[in-house]
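# What the coordinates show
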Amino acid sequence: GTVSLQAGLSYHSKLAGIISISGWCANRQDVASWISPAARETPVLMCCGDGDPLVDFGLTKTSSEILKKELGDKVEAVYPRRGIHQPVEEELRAVMTFLAKHLTGD
């Protein structure tokens, strides 16, 4: 998730979308300086369980808030209750909905 955010948001062309599951924004200090103009039009889905034992939920939530301030409604965040690292059904449904919307234009 962390790599997909960094790579996708700094990429020079608009992508259909970026999905981050259990990831965070690694470079949070000045996101405006490294997000490409094209990425400002790229939709982002961030998912993280509130009890993920490997990823600090607070870090993911803070990252999504920072990105929402910069990208507005292009960022969608899903925070299900889960105490495992693996995504749960709610996140998988969010991913499928996101893909259907942004890959087909629905």
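Our structure's up above, just so we're on the same page.
Let us look at the structure shown here. (Residues numbered from 1 in each chain as written. Predicted model: local features only at pLDDT ≥ 70, side-chain atom pairs only at ≥ 80, totals over all residues. Heavy atoms only, no water.)

Attention now goes to the sheet that holds strand β2 (residues 44-47). Strand order in the open sheet formed by three strands is β1-β2-β3, and the pairing between neighbours is parallel. Edge positions in the sheet fall to β1 (18-21) and β3 (75-78), since each of these pairs with one other strand and no more. Across the sheet, the axes of successive neighbouring strands diverge by a mean angle of 10°, strand direction being ignored. Sheet analysis places β2 next to β3, joined by four bridges and oriented parallel. Each bridged residue has a counterpart across the sheet, and for Cys47 the counterpart in β3 is Val78. Of the strands in this sheet, β1 and β2 touch helix α1 (residues 2-10), which is tilted by about 155° from β1. Along the sheet, helix α3 (residues 57-71) makes contact with β2 and β3, crossing β3 at roughly 160°. (Pairing = 2+ DSSP bridges. Helix = DSSP H or I, 4+ residues; strand = E, 2+ residues; numbered from the N terminus. Axes fitted to C-alpha atoms, helices over the stretch in contact; angles between N-to-C directions. Contact = heavy atoms within 4.5 Å.)

All of the buried residues along α1 are Thr2, Leu5, Gly8 and Leu9. Taken around the axis of α1, the buried residues stretch over an arc of 150°, which confines them to a single face. Those residues of α1 that are buried are in contact with β1, α2 (31-34), β2 and α3. (Buried < 20%, exposed > 50% of the residue type's maximum accessible area, 1.4 Å probe, protein only. Arc of directions from axis to C-beta.)

To continue, consider a nonpolar patch on the surface. Residues Met96, Leu99 and Leu103 make up a contiguous nonpolar surface patch of about 310 Å² in total accessible area. Positionally, Met96 belongs in helix α4 (residues 89-104). When its relative accessible area of 56% is taken as the criterion, Met96 is described as exposed. (Patch = residues over 30% accessible without salt bridge, like charges linked within 9 Å, V, L, I, M, F, W, Y side chains within 5 Å. Areas by Shrake-Rupley, 256 points an atom, 1.4 Å probe, with all protein chains shown as cover. Salt bridge = Lys/Arg side-chain N within 4 Å of Asp/Glu carboxyl O.)

Leu5, Leu9, Ile35, Val44 and Leu67 are the most contacted members of the largest nonpolar core, which has 13 residues in total. When contributions to this core are tallied by element, the ones reaching two or more residues are α1, α2, β2 and α3. Beyond its immediate sequence surroundings of up to four residues, Ile35 is in contact with Leu9, Arg40, Leu67, Glu70 and Leu71. Residues Leu45, Cys47, Val78 and Val95 belong to the second largest nonpolar core, which totals six residues. (Core = buried A, V, L, I, M, F, W, Y, C linked by side-chain atoms within 4.5 Å.)

Right, let's get into the environment of Lys101. Among the secondary structure elements, Lys101 is positioned in helix α4. With relative accessibility at 48%, the residue Lys101 sits in the partly exposed group. As a C-alpha pair, Lys101 and Ala16 span 85 residues in sequence and 9.6 Å in three-dimensional space.

So, about the pairing of β1. On β1, burial follows the alternation: Ile18 and Ser20 on one face are buried, whereas Ile19 and Ile21 on the facing-out side are not. Bridge count between β1 and β2: four bridges; the pairing is parallel. Bridging across to β2, Ile19 finds its partner in Leu45.

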